[in-house]
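These are the residues of each chain, in order.
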Amino acid sequence: MSGPHHKPKVSEREARQVAEAAREQDWRKPSFAKELFLGRFRLDLIHPHPMPATEHVQRGEEFLAKLRDFCETKIDGALIEREARIPDAVIDGLKEIGALGMKIDTKYGGLGLTQVYYNKALALAGSVSPAVGALLSAHQSIGLPQPLKLFGTPEQKETYLPRLARTDISAFLLTEPDVGSDPARLATTAVPDGDDYVIDGVKLWTTNGVVADLMVVMARVPKSEGHKGGITAFIVEAGSEGVTVENRNAFMGLRGLENGVTRFHRVRVPAANRIGPEGAGLKIALTTLNTGRLSLPAMCAGAGKWCLKIAREWSAVREQWGKPVARHEAVGAKISFIAATTFALEAVLDLSSQMADEDRNDIRIEAALAKLYGSEMAWLMADELVQIRGGRGYETADSLAARGERAVPAEQLLRDLRINRIFEGSTEIMHLLIAREAVDAHLAVAGDIIDPDKSLGDKARAGAQAGVFYARWLPRLVAGPGQLPRAYADFHPAGHADLSTHLRYVERTSRKLARSTFYAMSRWQGRMETKQGFLGRIVDIGAELFAMSAACVRAELLRTTEPHGREAYQLADAFCRQSRIRVEELFGRLWNNTDDLDRKVVKGVLAGTYTWLEDGILDPSGDGPWIADATPGPATRENVHRPIR
């Protein structure tokens, strides 16, 4: 394997088959979000709101207090931003308080926190420094602890989890210079050699890779006698001979992120370090992400809380035309959006996390929706905060301090949050991933009808099967509790805002969403998967309905357990009213859009039809290829690997 021409050549169909094989096929547990997309509003799956056990709360609160003290006294977010590096002393301190082992079982030296408290810890640490939040998240959410917990052997757990809980930082290596969301073209190889595998290849954007001690590496095992082959997960010691960190990458935000390019040249890895069987690597990666994706919305919810605090404090003292800017409707609407959306994001996060802890429901769609919705809404909230702050929002914290004003890093937050719409599945990929799960029931009964490889006989049998399914399913989408004026009356207690009307809306709208999906499948059949604009809007509607449901359920929980229940109801009411406007706009754009025209314009752009529109500018980009050469071979650059000991 000596050059780019050796990279796997795969067709679109082959790429889809690889992704489909890695997808978890079965639904052994109920899923609120899946039912929502099918037009069934299963409020009983999320209400009453699930609650953590007392011992979990006690353990979690004890650590949060310790972490809060550490963040307040030991972490200087401004210093990390200026120097683009987390000081070693900070990382050593995080190790000492057990932050590396938040999600690792106590029997391996970890803290054994629940998903709920792990997320609270990430939100807290990320509010001081998003780079610190990213370091902890990459280590535990997608790094080695989670796949070991789910798929590791007892021996692997005994060997590595104690290290990961206290001393060793981990990284997850999947992406390559020429491979992003299409893993079928993965070029890194792991060739069997006796009791070892020999790994060759280059990995890009290895978060924590620059300082990692242990790595999860995805590599392709060639099929051979005695070897099934396929994309496989390996535990690799970062200090192994032949491992070189060739570059520490720099980004528009998260300046303290230890993210690099890692080269593997004839790296020998014992077969005992393989996680799971050969060919199971992608399934392991996707299963790890099912709950791992909840770490990003945790930090997004934390960002919303900070945006609200700054908007409140600033808007109360900044006056324009004789009154505080918050009293002007144009600014007030932004503040209301930030407050209501922060409430909803925390509701989605806590509900999804508690369901993950209880393990009664399948939350793969809920976690994906939380990541998608959280990353998009947090970005909007930060953008609105910058607007509320005006010129001061665009000015750096250091510059504000130099002028003698409060050092508010609003522009930094905007830069730091931007990556969340790309990290761990871009918004566009999340739309497709969630859409695939949302239409799973349809494909299960009608998939053979639209499969070009199936015979006419297979299609006929599938047609008959689909006819029976839809004859039972479609009539249920006509009427439901959402049309009964007293339905969900528990959510309209005396003296509180009326949330029952929003739950009735969710129930009606979930049926409308399912009908729209069915109409689209009937109209486009096999071309449905190419209608990415339509599918994205379907998913966005589902995300709003999930967020509305979570907000209402959280408000009711707070009404019965906290002194600010009336205020929670008010925030939930505001969020639902804002969300309903977005939902109606999305429904309108399902059928009234520019998707077809957009495709024609794109075809013209790629053909060079509009190059005249580019006249009159100079391109400041430097020279070089669009994608760096990732030909396997020995390293030619200095190793910038920097383990922290």
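Residues numbered from 1 in each chain as written. Predicted model: local features only at pLDDT ≥ 70, side-chain atom pairs only at ≥ 80, totals over all residues. Heavy atoms only, no water.

A. The overall build of the chain, seen in detail. A tally of helices and strands in the chain yields 23 helices and 10 strands. A globule of 645 residues ought to have a C-alpha radius of gyration of about 26 Å, and the chain, at 25 Å, matches this closely. With the principal axes as the frame, the chain shows a C-alpha extent of 75 × 70 × 65 Å. Burial analysis of the chain (645 residues in total) assigns 54% to the buried set. Considering only residue pairs separated by 6 or more positions, the chain has 77% of its internal contacts joining residues 24 or more positions apart. Accessible surface computed for the chain: about 29,300 Å², of which carbon and sulfur atoms make up 54%. Charged side chains in the chain number 83 positive and 83 negative. The centres of these two groups are separated by 4 Å. (Helix = DSSP H or I, 4+ residues; strand = E, 2+ residues; numbered from the N terminus. Rg over C-alpha atoms; globule rule 2.2 N^0.38 Å. Buried < 20%, exposed > 50% of the residue type's maximum accessible area, 1.4 Å probe, protein only. Contact = heavy atoms within 4.5 Å. Areas by Shrake-Rupley, 256 points an atom, 1.4 Å probe, with all protein chains shown as cover. Lys, Arg positive; Asp, Glu negative; His and termini not counted. Charge placed at Lys NZ, Arg CZ, Asp CG, Glu CD.)

B. Local environment of empty space enclosed by the protein. The tally for this structure, following the rule as stated, stands at four cavities of 30 Å³ or more. One number sums up the size of the second largest cavity: a volume of about 60 Å³. Taken together, Gly 77, Ile 80, Glu 81, Val 128, Ser 129, Pro 130, Ala 131, Leu 254, Arg 255, Gly 256, Gln 412 and Asp 416 form the lining of the second largest cavity. Only α4 (77–83), α7 (130–142) and α16 (410–418) provide two or more residues apiece to the lining of the second largest cavity. At three residues, α4 tops the list of elements feeding residues into the lining of the second largest cavity. Looking at the lining of the second largest cavity, its residues break down into five nonpolar, four polar and three charged. (1 Å grid on protein atoms, 1.4 Å probe; cavity = no way out; pocket = protein on both sides within 12 Å on 5 of 7 lines; lining within 4 Å. Points joined across faces, edges and corners; volume = space filled by probe spheres on them. Nonpolar A, V, L, I, M, F, W, Y, C, P; charged D, E, K, R; others polar.)

C. Expanded view of the packing of aromatic side chains. Within this structure, the stated rule accounts for six aromatic pairs. Centroid distance Phe 41 to Tyr 488: 5.7 Å. Interplanar angle 75 degrees. Geometry classified as edge-to-face. Taken as a pair, Phe 41 in the loop between α2 (32–37) and α3 (54–74) and Tyr 488 in the loop between α19 (456–473) and α20 (500–524) lie far apart in primary sequence, 447 residues in all. A relative accessible area of 11% places Phe 41 in the buried class. Residue classification places Tyr 488 among the buried positions, given a relative accessible area of 17%. Members of the aromatic cluster, joined through ring pairs, are Phe 32, Phe 41, Tyr 488 and Phe 546. Sitting above the plane of the Tyr 117 ring, Lys 120 keeps its charged end 5.9 Å from the centroid. Lying over the aromatic face of Trp 379, Arg 418 brings its terminal NZ or CZ to 5.4 Å of the ring centre. (Phe/Tyr/Trp six-rings, centres within 6.5 Å; stacked < 30°, edge-to-face > 60°. Lys NZ or Arg CZ within 6 Å of the ring centre and 35° of its normal.)

D. Structural detail: the pattern of salt bridges. This model, assessed by the stated rule, comprises 40 salt bridges. In this structure, Glu 35 and Arg 40 form a salt bridge, with 2.6 Å as the shortest nitrogen-oxygen distance. Exposure remark for Glu 35: the relative accessible area of 14% places this residue in the buried category. Taking the shortest distance from any N to any O, the salt bridge between Lys 334 and Glu 384 comes out at 3.0 Å. (Salt bridge = Lys/Arg side-chain N within 4 Å of Asp/Glu carboxyl O.)

It is worth stressing that arrangement in space is one thing and function is another; only the former is reported here.
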